[in-house]
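# Remarks on the overall topology
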Amino acid sequence: MENKKELRTWLDQFNLDHPLVIAGPCSAETEEQVLKIAHQLKETDTSVLRAGIWKPRTRPGNFEGVGALGLKWLQKAKEETGLLTTTEVANPIHVDLALKHDVDILWIGARTTVSPFNIQEIAEALKGTDKTVLIKNPVNPDLSLWLGAVERFYKQDVKNLGVIHRGFSTYEKSKYRNNPEWQIAIDLQTKFPDLPLILDPSHIAGRRDIITDLCQTALDLNYDGIMVETHYDPDHAWSDAQQQITPKALDQMTRDLKIRKEVSQSQDFQEKLASLRAKIDVIDNQLLDILGKRMKVADDIGEVKKEKNVAILQSTRWNEILGKMILDGKEHNLSEEFILKIFKAIHQESINHQEKILNE
Ligand code: PEP
Ligand code: MN
């Protein structure tokens, strides 16, 4: 697959002057629930109603979706509100049922994208369709696997494509349910600038309070849209209750978000600057993360030294590190002066950490 402008033509149908908003409950629960949410969303910037009909749950026993019955509710919601509809499909039977019920956009879930066998089957079931297919990133941080799934659809002549960034699972707990790893989405964007990129802040966050910030970062990075889990009674949702927001909160959020598209002579410049700054912010956060990790290892070394009663400063080791970093730094276009400064600072911080440990 190569980057082509045609990849984004499906977005034109919405004729929007803001990023695409897809919203709706994690799961369709009842007909009343789907219709009530659809009508509330109609009053917002939302263009597409989402609702999971078949829910892939990591552990059995959680709500697994209402099944094909819910497709009728989506159909009715579309009739009544004019919103387009989208749901997750995970096999050719889902595809067949969704097409029969006139679902407009199909999305592929993160647990499906990991399996080339499943993707191939679904792609073949959709051969030549003019429906839009949005592919969520796989649960594991693997750009090739994500791109491979997009390519499997493209090869089956599915040309209305897009991707949804929903974060990546990690074993370690963090403030996110799924780590965003923005760099992966940025790399994908660099390779395929015309492939529509949509953020799913809900599954990245796993909680309500950081959804706006995540959306703002996505807008700064020029994402084409957001998909936000929305429910009139989030706390009582049958799935993903902690991360859903009300249609009203969604409405407020889209007003608060800075789309950074002020019309001015220097619009192009402003946009470029905002987007580059957002990239720098992502990288700075990665730097902090990696420095924190390095200090944790230094702490562990401190513990070992304490046990064996070894001096903190071992100058041969330190000179070796420095020499190697100066050489490696040249390859990254970093001056010797800079490398010396930065590694001295890092080394000093490690020593401070280890001293603290030895004196405990
Ligand atoms: C969902 O969108 O409700 C869902 C199950 O998402 P994911 O595949 O990203 O976990
Ligand atoms: Mn969900």
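Bear in mind that the values here come from a model prediction, so they are computed numbers and not experimental data. (Residues numbered from 1 in each chain as written. Chains lettered and ligands numbered in written order. Predicted model: local features only at pLDDT ≥ 70, side-chain atom pairs only at ≥ 80, totals over all residues. Heavy atoms only, no water.)

### A few points about the pattern of salt bridges
Our working definition: Any carboxyl oxygen of Asp or Glu that lies within 4 Å of a side-chain nitrogen of Lys or Arg is treated as forming a salt bridge with it.
Applying the stated criterion across every chain yields a total of 19 salt bridges. Among the ionic contacts, a cluster of salt bridges with common partners joins Lys78, Asp102, Asp104 and Lys131.

### Here's the deal with the side chain of Thr86
As a reminder of what qualifies: A helix here means a DSSP run of H or I that spans at least four residues, while a strand means a run of E at least two residues long, and both kinds are numbered starting from the N terminus. Burial classes follow relative accessibility: with a 1.4 Å probe on protein chains only, a residue under 20% of its type's maximum area counts as buried, one over 50% as exposed, and anything between as partly exposed. Polar contact is the term for a pair of N or O atoms within 3.5 Å; when the atoms are in protein, one must be able to donate a hydrogen and the other to accept it, and sequence-neighboring residues count only if both atoms are side-chain atoms. A contact between two residues is defined here by any heavy atoms of the two lying within 4.5 Å.
With respect to the helices and strands, Thr86 occurs in strand β3 (residues 84-88). Judged by relative accessible area, which is 0%, Thr86 ranks as buried. Among the polar contacts made by the side chain of Thr86, one reaches the main-chain carbonyl oxygen of Ile105 at a distance of 2.8 Å. In contact with Thr86, other than residues within four places in its own chain, are Ile22, Val48, Leu49, Arg50, Ala51, Leu74, Val103, Ile105, Leu106 and Trp107.

### Considerations on the nonpolar core
The condition that has to hold: The term nonpolar core refers to a set of buried residues drawn from Ala, Val, Leu, Ile, Met, Phe, Trp, Tyr and Cys, joined through side-chain atoms within 4.5 Å.
Counting 68 residues, the largest nonpolar core has Ile135, Phe153, Leu161 and Trp182 as its most contacted members. Tallying contributions element by element places helix α6 (residues 143-155) first for this core, with 7 residues. With near-sequence residues (within four places) excluded, Phe153 lies in contact with Ile108, Ile119, Ile122, Ala123, Leu126, Val133, Ile135, Val158 and Leu161. With 13 residues, the next largest nonpolar core counts Leu11, Ile105, Leu134 and Ile164 among its residues.

### Looking at the site of ligand 1
Put simply, the test is: Nearness here has a simple test: a residue counts as near a molecule or strand if at least one of its heavy atoms is within 4 Å of that partner. Using the Shrake-Rupley algorithm and a 1.4 Å probe, accessible areas are obtained, with residue cover drawn only from the displayed protein chains. When residues are grouped by polarity, Ala, Val, Leu, Ile, Met, Phe, Trp, Tyr, Cys and Pro land in nonpolar, Asp, Glu, Lys and Arg in charged, and all others, Gly among them, in polar.
Near ligand 1 you find 13 residues, and of these Arg50, Lys55, Arg111, Lys136 and Arg166 are the closest. In this structure, His203 approaches ligand 1 through a side-chain N or O atom, which is 3.2 Å from an oxygen atom. Burial of ligand 1 by the surrounding chains reaches 99%, relative to a free accessible area of 300 Å². Taken together, the residues that form the shell around ligand 1 break down as 4 nonpolar, 2 polar and 7 charged.

### Points about helix α10 (residues 247-256)
The condition is simple: Arc definition: it is the arc formed by the directions from the helix axis to the C-beta atoms.
Among all positions in α10, only Pro247, Leu250, Asp251, Met253 and Thr254 are buried. Buried residues of α10, seen end-on, are gathered within an arc of 165° and therefore sit on one face of the element. Of the residues in α10, the exposed ones pointing more than 90 degrees away from the buried face are Lys248 and Arg255. The inward-facing, buried residues of α10 abut β1 (20-24), α1 (31-42), α9 (211-220) and β8 (225-229).

### Brief notes about the packing of α6 against helix α7 (residues 182-191)
Rule in force here: For helices, the fitted line uses only the C-alpha atoms of the stretch in contact; every axis is such a line through C-alpha atoms, and the angle between N-to-C directions lies from 0 to 180 degrees. Convention used here: angles under 35 degrees read as roughly parallel, angles over 145 as roughly antiparallel, angles from 65 to 115 as roughly perpendicular, and any remaining angle as oblique. Should the near helix be turned anticlockwise from the far one by less than a right angle, the crossing is left-handed, and should it be turned clockwise, the crossing is right-handed.
Interhelical geometry of α6 versus α7 gives an angle of 45° and a closest axis separation of 10 Å. Taken together, the axes of α6 and α7 are oblique relative to one another. Crossing hand, α6 versus α7: right-handed. Contacts between α6 and α7 involve Leu143, Trp146 and Leu147 from the former and Ile184, Ala185, Asp187, Leu188 and Lys191 from the latter. A class-by-class count of the residues in the contact of α6 with α7 yields 6 nonpolar, no polar and 2 charged.

### Some details on the sheet that holds β3
What counts here: When DSSP finds two or more bridges between a pair of strands, those strands are recorded as paired.
Pairing in this closed barrel of 8 strands is parallel, and the strands run β1-β2-β3-β4-β5-β6-β7-β8 around the ring. On average, each strand axis in the sheet is tilted by 25° relative to the strand beside it, whichever way the strands run.

### Things to note about the domain arrangement of the chain
For the record, the criterion: Where each domain starts and ends follows an automatic or database-derived domain assignment. Here the quantity called buried area is the total loss of accessible area, with a 1.4 Å probe, experienced by two parts when brought into contact, counted for both.
Here the chain is described as being made up of domain 1 (5-256) and domain 2 (267-358). Computed over C-alpha atoms only, the centres of domain 1 and domain 2 are separated by 38 Å. Taken together, the 6 residues of domain 1 in the interface contact 7 residues of domain 2. Between domain 1 and domain 2, the buried area comes to about 610 Å², and carbon and sulfur atoms account for 64% of it. Sorting the residues of domain 1 by area buried against domain 2 places Gln183, Asp220 and Leu221 first, and these three jointly supply 52% of that buried surface. At the junction of domain 1 with domain 2, the criterion picks out 0 salt bridges. A per-class count over the side of domain 1 that touches domain 2 returns 3 nonpolar, 2 polar and 1 charged.

### Here we look at the environment of Lys36
Considering the arrangement of structural elements, one finds Lys36 in helix α1. Of the residues examined, Lys36 reaches a relative accessible area of 43% and is grouped as partly exposed. Spatially, the C-alpha atom of Lys36 lies 25 Å from that of Thr132, the residues being 96 residues apart in sequence.

### Digging into the packing of helix α5 (residues 116-125) against α6
Packing of α5 against α6 leaves a shortest axis separation of 9 Å and a crossing angle of 25°. Between α5 and α6, the interaxial angle falls into the category roughly parallel. Regarding α5 and α6, the two cross each other, and that crossing is right-handed. Where α5 abuts α6, its residues Pro116, Ile119, Gln120, Ile122 and Ala123 lie against Leu145, Ala149, Arg152 and Phe153. Among the residues making up the contact of α5 with α6, the classes are represented as 7 nonpolar, 1 polar and 1 charged.

### A short note on helix α3 (residues 92-100)
Within the span of α3, buried status applies to His94, Val95 and Ala98. All buried residues of α3 fall inside an arc of 100° around its axis, so they share one side. Among the exposed residues of α3, those pointing more than 90 degrees away from its buried face are Ile93 and Lys100. Tucked inside the fold, the buried residues of α3 contact α2 (69-81), β4 (105-108) and α5. The opening residue of α3, the one whose side-chain oxygen lies 2.9 Å from the backbone nitrogen of Ile93, is Asn91. Downstream of α3 by a residue or two, Asp102 has a phi angle that is positive, lying close to 65°.

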